[in-house]
Amino acid sequence: MALIAHLSDIHLDTADGGRSAARTRAVMDYLEGLPVDLDAVLVTGDIADHGRPDEYASARELLLGSRHPVLVCPGNHDDRTAFRTGLLGLPGSVEPVNQVLRTAGCTIALCDSSVPGEDEGFLSDGTLAWLEEVLAGTPAGTPVLVGFHHPPVELHTPYVDQWRQFGEERLAALARRYPDLAGFLCGHTHTATATVFAGRPLLVAPGVVSALRLPWEQPTGPSPHVHLDLPPAVAFHVVDGGGRLTTHYRIVDASSGLGSGR
Ligand SMILES: [Fe+2]
Ligand SMILES: [Fe+2]
């Protein structure tokens, strides 16, 4: 079994009066205070709001000081070179940032679905080849979770659907060859969502920095797409030995750092 926390879209911005950092800190403090060790904490992109070095320095302090293993991937707001150098401490490169974590209970592959200079997502041929190598190199019977920033299907949220992940039929074809692929994880839409892709669960983590206003919630007037007043939230994924994925969503009280069950 594996227990994984999944947050997304922290959008760290050092010029926002500390708002994004405080919300991220509340979520991380909540995870640090849990009485169990997590197998992983995943952060599925939009780590920095503008891809600036100071934002990645803040991310490094907020995320990588965790006692849990942390795995991150870029989103459309990130800059691959600054992400590598400022957050991961690696040499700069514009190549996709793909990373794998093998825990006792499952393998987690985070793919870079960002496209430099664009808001929409796409997995490059190189990234798909890397993912196939991970899947082929995983012992049969070990569940694999595959994550990235952009959802590969429409979620009936036109505002973000226009910038979803395209070319998804290539990923679906790959998934058909690997029955141990237990589910897909992503972010980008800033709203907790559950659906299906390629016959597997597709779970979207809520946004830490803000929440998407759903089409049937939208008022007229400025900024109709974003809730800034809803609290941050996090997903917990439980993968059992048979590869069955169960997901719980938990709201975090940003004023106290404690999760609440609302
Ligand atoms: Fe975002
Ligand atoms: Fe995004």
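Residues numbered from 1 in each chain as written. Chains lettered and ligands numbered in written order. Predicted model: local features only at pLDDT ≥ 70, side-chain atom pairs only at ≥ 80, totals over all residues. Heavy atoms only, no water.

1. Side note on the overall build of the protein chain
Of regular secondary structure, the protein chain possesses six helices and 16 strands. Relative to a compact globule of 262 residues, whose C-alpha radius of gyration would be 18 Å, the protein chain shows 17 Å and is just as compact. For the protein chain, the C-alpha atoms occupy an extent of roughly 45 × 40 × 40 Å along the three principal directions. Counting across all 262 residues of the protein chain, residues that qualify as buried make up 54%. For the protein chain, restricting intrachain contacts to residue pairs at least 6 apart in sequence, the fraction spanning at least 24 positions comes to 66%. Working note: accessible area of the protein chain is about 10,900 Å², and carbon and sulfur atoms make up 55% of it. (Helix = DSSP H or I, 4+ residues; strand = E, 2+ residues; numbered from the N terminus. Rg over C-alpha atoms; globule rule 2.2 N^0.38 Å. Buried < 20%, exposed > 50% of the residue type's maximum accessible area, 1.4 Å probe, protein only. Contact = heavy atoms within 4.5 Å. Areas by Shrake-Rupley, 256 points an atom, 1.4 Å probe, with all protein chains shown as cover.)

2. Let's talk about the packing of helix H2 (residues 53–63) against helix H3 (residues 80–88)
The geometry of H2 relative to H3 is characterised by a closest axis approach of 8 Å and an angle of 40° between their N-to-C directions. One finds that H2 runs oblique with respect to H3. Remark: the crossing between H2 and H3 carries right-handed chirality. Counting all contacts with H2, which are made through Tyr-56, Ala-59 and Arg-60, the residues of H3 involved are Ala-82, Phe-83, Gly-86, Leu-87 and Leu-88. For the contact of H2 with H3, a count of residues per class yields six nonpolar, one polar and one charged. (Axes fitted to C-alpha atoms, helices over the stretch in contact; angles between N-to-C directions. Parallel < 35°, antiparallel > 145°, perpendicular 65-115°, else oblique. Left-handed = near helix turned anticlockwise from the far one by under 90°. Nonpolar A, V, L, I, M, F, W, Y, C, P; charged D, E, K, R; others polar.)

3. Section: the confidence of the model for the protein chain
Averaged over every residue, the pLDDT of the protein chain is 95; the share at 70 or more is 95%. Across residues 257–262, confidence stays below pLDDT 50; counting only partners more than four residues off in sequence or on other chains, it has 16 contacts. (pLDDT = per-residue confidence, 0-100.)

4. A closer look at the pairing of strand E2 (residues 40–44)
Buried residues dominate E2, accounting for five of its five residues. Residues Ala-40, Leu-42 and Thr-44 of E2 are buried on one face, and the alternating residues Val-41 and Val-43, pointing to the opposite face, are buried as well. Direction of pairing for strand E1 (residues 2–7) relative to E2: parallel, over a ladder of four bridges. Within the sheet, the bridge partner assigned to His-6 lies in E2 and is Leu-42. Running through helix H1 (residues 19–32), the crossover from E1 to the neighbouring parallel element E2 is right-handed. As judged from the four bridges shared by E2 and strand E3 (residues 70–73), these two strands associate in the parallel manner. By the bridge assignment, Leu-42 is partnered in E3 with Leu-71. (Pairing = 2+ DSSP bridges. Right-handed = clockwise from strand over helix to strand, strands pointing away.)

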